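# Summary of the model geometry
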Amino acid sequence: MHMFSGISINEFRGKFTTEDDCLRYILDKKLADGYSCSKCQHGQYGKGRKWHYLRCKKCGYDASATAGTLFHKCKLGLLKAFEIAFRISVRKKGMSSCELAKEFGCQQRSAWLWKAKIQEAMKSSGKHALSGDVEVDEFLVGGFSAGQPGRSHGSKDLVVLAIEKVKDKNDKITIGRAYCRVIDDASADSLKKIFDEHIAPQASVKTDGWRGYWPLGKDWNITKEKSDKGAGFPMLHIHIMNIKGWLRGVHHQCETHRLQQYLDEYHFRFNRRGFLSSIFDKLITKMTLAKPISYKMIKCELNT
Ligand SMILES: [Zn+2]
C-alpha cells in the first residue's frame, strides 16, 4: 500500500471510508519490516480467524492488526480515531481534547485519552541529535488553569529548550529542529538530560552564563553568551514565546499538567513542518510500533 500523503480533510475522507481501510493501513505498517510473533518471535504467519488477524505458524498465537499497538482497545472506532490523529497532525496548532470532543461528538474523557495516546507516539525517538549550531536556554511555564488563561497559579514548571540554527533556501538563518524537556531544577544534572538525548557531542552549543552549564563543557563544545534578557538569543526566545502562546491559546481550557507530552506534541509537528504530506503517515507508523497504554498508565504518569 502506498503512503497516504493527503493534507486536506477531503483527501483523508476519500482514502479512509471504513474501519477496514484503517485496519489495512495498520496491518501494512505492522508488516513493513516483516512479521514477528509477539509470543515466540517466530517469523512466519498464516491466516487468522479474520482477514486482519495473523496466526503464528509456530505457536498458533492469533493476533489482530491492532494488538500490541496504541490502537489496541480503542473505543472510539478506528475511523474516528484515524481522523482525530489526522487532524492533530496536519493542523498547525493541533486540537485540544475539548475541541475534539465537540467536533467528534464524543465524551471529553474519550477524546482526552485518545489524544494522550497520540501524544505518546509523538515522543521523540532521540535518534536524530542536533549537531550544528545549537542554542540552549531554560524558561518557566505555568499558571494555566480553567478560566484564568495565563494567570499565575502558584507553581511553575521549568523547561529547557534546544534549537538548531540552519540556513533556509534563501540563505537566511532560521530554526531547523528543536526539542524541549521539563526539568526539576537548573542544575547541571538536570540540564544534562537534554544534552544526552538531543545534542550530539560535535555540535557547537551556545548558552548564557548560568553555572549549571559549566560542567557540561567537559563533553560538549559550549560557548557562553550574555543573554541580556533574551536579546542575545533572539530566535530561541521567539520559539519560547510561540510555545507559551500555543499552550495558552489552544489549551488553557483543558489540562496542561502533562506538560512534557504537550511539548512533545508541539515539536513533533514543528520538526516536521516542512514535511506536511508525510506527517500523518509517520504518526500512524509510530502509533503502530508503540506499545499499548491504558487510561490507568496515563493517570499513573500524572502522579509521578
Ligand atoms: Zn508464535
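Whatever comes next refers back to the structure up there.
No experiment lies behind these values; they were computed from the predicted model shown. (Residues numbered from 1 in each chain as written. Predicted model: local features only at pLDDT ≥ 70, side-chain atom pairs only at ≥ 80, totals over all residues. Heavy atoms only, no water.)

Our focus in this paragraph is the coordination of the zinc ion. The coordination sphere of the zinc ion contains the protein donors Cys37 (SG), Cys40 (SG), Cys56 (SG) and Cys59 (SG), at a distance range of 2.3 to 2.4 Å. If you look at the zinc ion, its 4 donor atoms make angles of 102 to 115° with each other, and the shape they trace is tetrahedral. One chain supplies every donor for the zinc ion, spaced along it as C-x2-C-x15-C-x2-C. Of the two residues, Cys37 sits in the loop between helix H2 (19-31) and strand S1 (45-47) while Cys59 sits in the loop between strand S2 (53-56) and strand S3 (62-64), which places them 22 residues apart along the sequence. By relative accessible area, which is 42% here, Cys59 ends up partly exposed. (Donors = N, O, S within 2.8 Å, 3.2 Å for Na, K, Ca; no water. Tetrahedral: all angles 85-135°; square planar, octahedral: opposite > 155°, others 65-115°. Helix = DSSP H or I, 4+ residues; strand = E, 2+ residues; numbered from the N terminus. Buried < 20%, exposed > 50% of the residue type's maximum accessible area, 1.4 Å probe, protein only.)

One open sheet accounts for 5 strands, arranged S6-S5-S4-S7-S8; its pairing is mixed. Every interior strand has two partners, whereas the edge strands, strand S6 (173-183) and strand S8 (221-224), have only one. The mean inter-strand angle of the sheet, taken between neighbouring strand axes irrespective of direction, is 30°. Where helix H6 (residues 188-198) meets the sheet, its contacts fall on strand S4 (133-142), strand S5 (156-167), S6, strand S7 (204-207) and S8, and the angle it forms with S6 comes to roughly 130°. (Pairing = 2+ DSSP bridges. Axes fitted to C-alpha atoms, helices over the stretch in contact; angles between N-to-C directions. Contact = heavy atoms within 4.5 Å.)

Applying the stated criterion across every chain yields a total of 22 aromatic pairs. Aromatic pair Tyr25 and Phe82: ring centres 6.4 Å apart, planes at 90°, arrangement edge-to-face. Of this pair, Tyr25 sits in helix H2 while Phe82 sits in helix H3 (residues 78-90); the two residues are 57 residues apart in sequence, bridging distant segments of the chain. Neither residue differs from the other here; Tyr25 and Phe82 are each classed as buried. Measuring from centroid to centroid gives 5.1 Å for Phe195 and Trp220, while their planes differ by 65°, and the two rings are edge-to-face. (Phe/Tyr/Trp six-rings, centres within 6.5 Å; stacked < 30°, edge-to-face > 60°.)

Further remarks concern the pattern of salt bridges. Taken as a whole and assessed by the stated rule, the structure comprises 16 salt bridges. Across the pair Glu197 and Arg181 runs a salt bridge whose closest N-O atoms are separated by 3.0 Å. Here the residue Glu197 occupies a position in helix H6, and Arg181 occupies one in strand S6, the gap between them amounting to 16 residues. Notably, a salt bridge pairs Arg269 with Glu265, separated by 3.0 Å at the nearest N-O pair. Linking Arg269 with Glu265, this pair stays in helix H8 (residues 259-270), spanning 4 residues, or about one helical turn. The two residues Arg269 and Glu265 agree in class, both being buried. One connected set of salt bridges, linked through shared partners, spans Arg13, Glu83, Arg87 and Glu103. (Salt bridge = Lys/Arg side-chain N within 4 Å of Asp/Glu carboxyl O.)

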